[in-house]
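One-letter residues, chain by chain:
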Amino acid sequence: MKIGIVLYPTFGGSGIVATELGKALAEKGHEIHFISYNHPVKLEHFLPNIRYHEVRPFNYPLFDYQPYELALTSKLVDVVRYENLDLLHCHYAIPHASAAYFAKQILKTHNIDIPFITTLHGTDITLVGKHPSFEPVITFSINESDAVTVVSESLKRDTLRHFAITNEIKVIPNFVEHSHYCMTPGKDDIARRDAISPEGQYIISHVSNFRKVKRLGDVVRIFEKIRKKVPAKLILAGDGPERYKVEQLCSELGVCQDVEMLGNVQTAAEIYCISDLFLLPSETESFGLAALEALASGVPVISSNSGGLPEVNKHGFSGFLSDVGNVDEMAENALKILKDKETLDRYKQQAHEHSLNFTIDRILPKYEAIYERLATARVI
Ligand code: GMT
């Protein structure tokens, strides 16, 4: 099939899931057209049946805000017509779903009926989408989508709670391509590990876009409590608005010398590969892709129990869950795992085992089944 994937190109989880899905579909022989305002960061390699279409909003001095959604709509119309697409798959509702709806109406005037699928990822529902400045458009475009999927049961509940939904919503969890993650560090990984932890300190990590919702302050506080009991280093990978506060808190708590702030990294897999424990104490997390990536690398996870995290992290098995903000309990749980080598190895094994519930082979057919049901773009 010829599939248009509309996505954010950045390090955010929805963009990563959309890109990995497209790559896996391309490997199965589908023709994939990524549509975004920048080259997707996870689209590292060329494949003959993958195309990238860039949306370039036209600038004009009158516009205080560039009309991205209109440029995206026009691009969708263009790509569907000239590449003869069978369907569009929008990742993250804002503004992709409403742009797809608008494109669909325009395409009808060209006698083309293009189906579009909307996959809701998280803050498009839980934070941003339910805001009155977006809510009517989000409700409408979810209800008008030809198929709607969400990444967790929790997100489905949130969607039904916050919006007047008349459409069916199917849960398709996120996935990982296990071959991208390492269980056994290679020579380069060991060198990297030694550089960060020269005296064999435990390596604790956190990867995110450093937004408030990730509770970076809790990450640093949990680390400080762990470090009081066992030698440890903290790797913080990512960047975003909370970075300055994190730097400040590290100096207030006197832990800066044991915190490595790496900024945005291309390959978070290299971080997980050398980590002993992963922290994700988020305020809300519809799924928690970073937690799943850590588990796939055999890294146990200490997380909050908000949103979809209990569907990803199995309490007492792949790691531990606590109430949001309960940093004392999170640190205690971390120390249970780091108690001794035998216990840590057991949790690492269990973390990996649990991640096998989310292999790409299990998830891909669920999307393909929807694509097949919606069939090809029809000439009316
Ligand atoms: O909502 C965001 O933070 C953005 C979004 C993204 O594009 O990264 O993240 C959401 O989607 C991810 C992929 O499905 C999920 O793993 C994240 O849990 C979810 N973020 C939140 O719910 C905060």
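Rules of the game
- Residues numbered from 1 in each chain as written.
- Predicted model: local features only at pLDDT ≥ 70, side-chain atom pairs only at ≥ 80, totals over all residues.
- Heavy atoms only, no water.
- Patch = residues over 30% accessible without salt bridge, like charges linked within 9 Å, V, L, I, M, F, W, Y side chains within 5 Å.
- Areas by Shrake-Rupley, 256 points an atom, 1.4 Å probe, with all protein chains shown as cover.
- Salt bridge = Lys/Arg side-chain N within 4 Å of Asp/Glu carboxyl O.
- Helix = DSSP H or I, 4+ residues; strand = E, 2+ residues; numbered from the N terminus.
- Phe/Tyr/Trp six-rings, centres within 6.5 Å; stacked < 30°, edge-to-face > 60°.
- Axes fitted to C-alpha atoms, helices over the stretch in contact; angles between N-to-C directions.
- Parallel < 35°, antiparallel > 145°, perpendicular 65-115°, else oblique.
- Left-handed = near helix turned anticlockwise from the far one by under 90°.
- Contact = heavy atoms within 4.5 Å.
- Nonpolar A, V, L, I, M, F, W, Y, C, P; charged D, E, K, R; others polar.
- Buried < 20%, exposed > 50% of the residue type's maximum accessible area, 1.4 Å probe, protein only.
- Arc of directions from axis to C-beta.
- Domains from an automatic or database assignment.
- Buried area = accessible area lost by both parts, 1.4 Å probe.
- Polar contact = N/O pair within 3.5 Å; in protein donor to acceptor, adjacent residues only side chain to side chain.
- Pairing = 2+ DSSP bridges.
- Disulfide = S-S within 2.5 Å.

Before going further, it helps to spend a moment on a nonpolar patch on the surface. Residues F58, Y60, L62 and F63 make up a contiguous nonpolar surface patch of about 470 Å² in total accessible area. Assignment of secondary structure puts Y60 in the loop between β3 (50-54) and α2 (68-83).

Scanning the model with the defined rule gives nine aromatic pairs in all. Between Y8 and Y92 the ring centres are 5.5 Å apart and the planes differ by 90°, which places this aromatic pair in the edge-to-face class. Of this pair, Y8 sits in the loop between β1 (2-6) and α1 (13-27) while Y92 sits in the loop between β4 (87-91) and α3 (93-108), placing them 84 residues apart in sequence. Both rings, one in Y101 and one in F140, keep their centres 4.8 Å apart while their planes meet at 85°; by these two values the pair is edge-to-face. On the criterion of sequence distance, the pair formed by Y101 in helix α3 and F140 in helix α5 (residues 135-144) is long-range, its members being 39 residues apart.

This part takes up the packing of helix α11 (residues 289-296) against helix α14 (residues 341-355). Running from amino to carboxyl end, α11 crosses α14 at an angle of 120°, the nearest separation of the two axes being 7 Å. With respect to α14, the axis of α11 lies oblique. Judged by the sense of rotation from one axis to the other, the crossing of α11 with α14 is left-handed. Residues L292, L295 and A296 of α11 touch α14, and the partners they reach there are A351, H352, H354 and S355. For the contact of α11 with α14, a count of residues per class yields four nonpolar, three polar and no charged.

Three or more residues of helix α9 (residues 243-253) are buried, namely R243, V246, L249 and C250. Buried residues of α9, viewed axially, fall in a sector of 120°; they line one side. Exposed side chains of α9 directed beyond 90 degrees from the buried face belong to Y244 and E252. Each element contacted by the buried residues of α9 is listed here: α8 (216-229), β10 (232-237) and β11 (259-263). Phi turns positive, to about 70°, at G254, one or two residues after α9.

We now examine the domain arrangement of the protein chain. Quite often, the size of an interface is put as the accessible area lost when its parts meet. Parsing the protein chain into structural domains produces domain 1 (2-175 + 360-377) and domain 2 (178-358). The C-alpha-based centres of domain 1 and domain 2 are spaced at 30 Å. Opposite the 21 residues of domain 1 that make contact, domain 2 presents 17 residues. The largest share of the area that domain 1 buries against domain 2 comes from F11, N174 and R362, three residues that together contribute 29% of it. Counting across the interface, domain 1 meets domain 2 through zero salt bridges. At the junction of domain 1 with domain 2, the criterion picks out seven residue pairs in polar contact (both at pLDDT 80 or more).

Quick look at the sheet that holds β11 now. Each strand in a sheet pairs with another by means of backbone hydrogen bonds, the pair being arranged parallel or else antiparallel. Spatially, the six strands line up as an open sheet ordered β11-β10-β9-β12-β13-β14, and their pairing is parallel. Of all the strands in the sheet, just β11 and β14 (319-322) have a single pairing partner and so form its edges. When strand polarity is set aside, the average angle formed by the axes of neighbouring strands in this sheet is 20°. As paired strands, β10 and β11 are joined by four bridges and run parallel to one another. Along β11, the bridge assignment pairs I235 with E260. With respect to the sheet, α8 is in contact with β9 (202-207), β10, β11 and β12 (277-280), its orientation differing from that of β10 by roughly 165°. In this fold α11 packs onto β9, β12 and β13 (301-304), with an angle of close to 170° to the strand it touches most, β12.

Taken as a whole, this structure holds one disulfide when the rule is applied. Shown here is the disulfide that connects C182 with C273, its sulfur atoms set 1.8 Å apart. Classification of the bridge connecting C182 and C273 rests on its S-S torsion, roughly 85°, and on that basis the disulfide is right-handed. Taken together, the positions of C182 in the loop between β8 (169-171) and α7 (187-196) and C273 in helix α10 (residues 268-273) put the pair 91 residues apart, joining distant regions of the chain. In terms of burial, C182 and C273 fall into one category: buried. Note on C250: no disulfide assigned, nearest cysteine sulfur contributed by C256 at a separation of 4.9 Å. Owing to a relative accessible area of 2%, C250 belongs among the buried residues under this scheme.

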